[in-house]
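Residues per chain are reported as follows:
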Amino acid sequence: MAKILMKGNEAIAEAALRAGATNYFCYPITPQTEVAEYLAKRMPDYGGVFLQAESEVAVGNMLFGAASTGKRVFTSSSSPGISLMQEALSYMAGAHLPCVIINIMRGGPGLGGILPAQSDYFQATKGGGHGDYRILVLAPSNLQEAVDLTMLAFHLADKYRNPAMIIGDGMIGQMMEPVEFPEKYVEEELPVKTWAATGASGRKPLIIKSLFLDPNALEHNNILLKEKYDQMAKEEVRFELYKTGPKNRILLVSYGTMARICQTAIDALEAEGISVGLFRPISVYPFPHSQLREEISRPNVESVLTIEMSMGQMLEDVERAVAERKPLAFFGRTGGIVPSPEEVIEQIRKLLDAQPAPRKAKKA
Amino acid sequence: MNQFEVTMAGFGGQGIMLAGQLLSYTGLKDGKNVVWIPSYGPEMRGGTAYCTVVISDIRIGSPIINTPTCACVFNRPSFDKFAPRVKPGGLLIVNSSLINVSTDRKDLTEIQVPATQIAIDAGNGRATNIVVLGAFVGATGVVKYDTLISVVEEKLGKKKELFEINRRVLDMGYKIGRERAAQRSHA
């Protein structure tokens, strides 16, 4: 198929349809409302259900109910709306139900603002709701990737019977870029959903629940969940390296929109003969800890600079990977302010000035 | 050209977003990498609206452009905001029907286009954006003019009468842009 120009929110919506999503529940919120607008128009063509609920709390529970039937279900919202859904996400994780959540993040905390931010990294990657659980989180940095990862999220949600989330920011939602959709969405075969509540005629009724009053049964459920997260860490880690190599003195770690801005900064510095590399996590849960550790361990890397549109959230995962092997620095802007490439360059220069270039070893 | 960035700015209703989108479609059709970004945020009615288009031969990094290669400004507040931001050596296209000043910057080229007047004279004041778009492509050649014509026809060709006006003012804008750019290079 030829490339077409689409707004991020619309491209994500179209990707979900093509991945076989049939049930979409929503409540409008900037900067992602075009997802709902697009699906209100297009969902009927696919014979699916579009439903605008009375609140995000209701959306969460509608997802829970619809997911129990084995359909591909999803929602999209932005930070405060996602918070309201957390109870249902926890229930779905506990009940082993697949579901896809699109979070086009905005500045917080509280009602915050409507401009781009990466403010919900903790909430997305560390569980979000109550209880001992994780959801799989993917972070696209351009619109083609947003399309590809949205489709993949439906597959992974089914594969692990677990909620999967796409986190983007207002920039991903609002900008237009060329995207290409596959003629036909091909995915690895998945097991038949024998767990789905599709009517009990001819078989025993199924029970889908997250309530286990027997502590042994509850612990057993937690062990099953942990096994899934361990499998994700083995099979679902995704990341990209940009201009990494033996000449890098500094390695940047950044994801999503922020990573593209870092790429521009890296290109500009390269033209001056300064070599900087970028490690970009694509899956932020599971986080590519060991892959990042390998990159920062190279002898030429003098320090690691994490850059986010937050006060330092992914930073904690980077700290875990680096584990004091190399000096760590951080730069972040918040509140909807997107750092410019010039600001990133300034931070890199500061860091380089603070650590004079290593002298070449004299011959004995 | 490696990368060209243009910010289009005016007030709501002047077709700023559409002009940027038409340019993006044209870039895409020409086989370039493109990004279109609107200003989104709290705005009051009558405030400024702007969008930025990046057209590039290489992978586009930052979609946020603080200092564009070119700014097309449709009203005075946009002139005040964006004229100082254009990169040195860049281009400023001014809708002189609504902006009665010119920049005192000596390090850029300014092209004055009476775009709103041209559009009104042609029978549709709302075609201001198409005049400016024509002038921009005439002055820069960033995308192929033939491709732009085909995109305008594709996207705005449904209402025949309006399309004929758009088509006419596109040519007028294009000619002005091309002539002024030629004068500049012979000066």
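Residues numbered from 1 in each chain as written. Chains lettered and ligands numbered in written order. Predicted model: local features only at pLDDT ≥ 70, side-chain atom pairs only at ≥ 80, totals over all residues. Heavy atoms only, no water.

**Q** What exactly am I supposed to notice about the sheet that holds strand β14 (residues 328–332) of chain A here?
**A** Residues and elements named next belong to chain A. Within the open sheet, the five strands sit side by side as β9-β11-β10-β13-β14. Their pairing is mixed. Only two strands of the sheet have a single partner each, and these edge strands are β9 (239–242) and β14. Across this sheet, the average inter-strand angle for adjacent strands is 20°, counted without regard to direction. Both strand β13 (residues 303–308) and β14 contribute to a ladder of five bridges, which runs parallel. Bridging across to β14, threonine 306 finds its partner in phenylalanine 330. Sheet strands touched by helix α10 (residues 256–271): β9, β10 (250–253), β11 (276–281) and β13. Its angle to β11, the strand with the most contacts, is close to 165°. (Pairing = 2+ DSSP bridges. Helix = DSSP H or I, 4+ residues; strand = E, 2+ residues; numbered from the N terminus. Axes fitted to C-alpha atoms, helices over the stretch in contact; angles between N-to-C directions. Contact = heavy atoms within 4.5 Å.)

**Q** Mind showing me how you'd approach the packing of helix α1 (residues 16–29) of chain B against helix α5 (residues 145–156) of chain B here?
**A** The relative placement of two packed helices is expressed as an angle between their axes plus a distance between the axes. All names here are of chain B. Running from amino to carboxyl end, α1 crosses α5 at an angle of 125°, the nearest separation of the two axes being 9 Å. The angle between α1 and α5 places the two elements in the oblique class. You can see that α1 and α5 cross each other, and the crossing is right-handed. Of the residues in α5, those in contact with Leu18, Leu22, Tyr25, Thr26 and Lys29 of α1 are Thr147, Leu148, Ser150, Val151, Glu154, Lys155 and Leu156. Classifying every residue of the contact of α1 with α5 gives six nonpolar, three polar and three charged. (Parallel < 35°, antiparallel > 145°, perpendicular 65-115°, else oblique. Left-handed = near helix turned anticlockwise from the far one by under 90°. Nonpolar A, V, L, I, M, F, W, Y, C, P; charged D, E, K, R; others polar.)

**Q** Just to check I follow, could you spell out empty space enclosed by the protein for this structure?
**A** Which parts of space are left empty comes out when a probe the size of a water molecule is rolled across the atoms. Residues and elements named next belong to chain A. Taken as a whole, this structure holds one cavity of 30 Å³ or more when the rule is applied. One number sums up the size of the largest cavity: a volume of about 40 Å³. Taken together, Lys71, Arg72, Val73, Pro98, Cys99, Val100, Phe154, Ala157 and Asp158 make up the full set of residues lining the largest cavity. Residue assignment for the lining of the largest cavity shows that the elements contributing at least two residues are β5 (99–105) and α7 (143–160). With three residues, the single largest contributor to the lining of the largest cavity is α7. Of the residues in the lining of the largest cavity, the class split is six nonpolar, no polar and three charged. (1 Å grid on protein atoms, 1.4 Å probe; cavity = no way out; pocket = protein on both sides within 12 Å on 5 of 7 lines; lining within 4 Å. Points joined across faces, edges and corners; volume = space filled by probe spheres on them.)

**Q** Before we go on, may I ask you to explain the pairing of β14 of chain A in this structure?
**A** A regular strand places its side chains on the two faces of the sheet in alternate fashion. Of the two faces of β14 of chain A, only the one carrying Ala329 and Phe331 of chain A is buried; Leu328, Phe330 and Gly332 of chain A on the other face are not. You can see the chain leave β13 of chain A, run along helix α12 (residues 314–322) of chain A and come back into β14 of chain A, and the turn it takes is right-handed. (Buried < 20%, exposed > 50% of the residue type's maximum accessible area, 1.4 Å probe, protein only. Right-handed = clockwise from strand over helix to strand, strands pointing away.)

**Q** Help me understand the pattern of salt bridges in this model?
**A** Pairs can form between side chains of opposite charge whenever their charged atoms are close. Residue and element names in this part refer to chain A. The tally for this structure, following the rule as stated, stands at 29 salt bridges over all chains. A salt bridge links arginine 280 to glutamate 240, with the nearest nitrogen and oxygen atoms 3.2 Å apart. Of the two residues, arginine 280 is situated in strand β11 and glutamate 240 in strand β9; the sequence distance between them amounts to 40 residues. A salt bridge links glutamate 295 to arginine 298, with the shortest nitrogen-to-oxygen separation between them at 3.0 Å. Judged by its relative accessible area of 8%, glutamate 295 is buried. A cluster of three or more residues bridged by salt bridges with shared partners is formed by Glu14, Arg18, Arg42 and Asp45. (Salt bridge = Lys/Arg side-chain N within 4 Å of Asp/Glu carboxyl O.)

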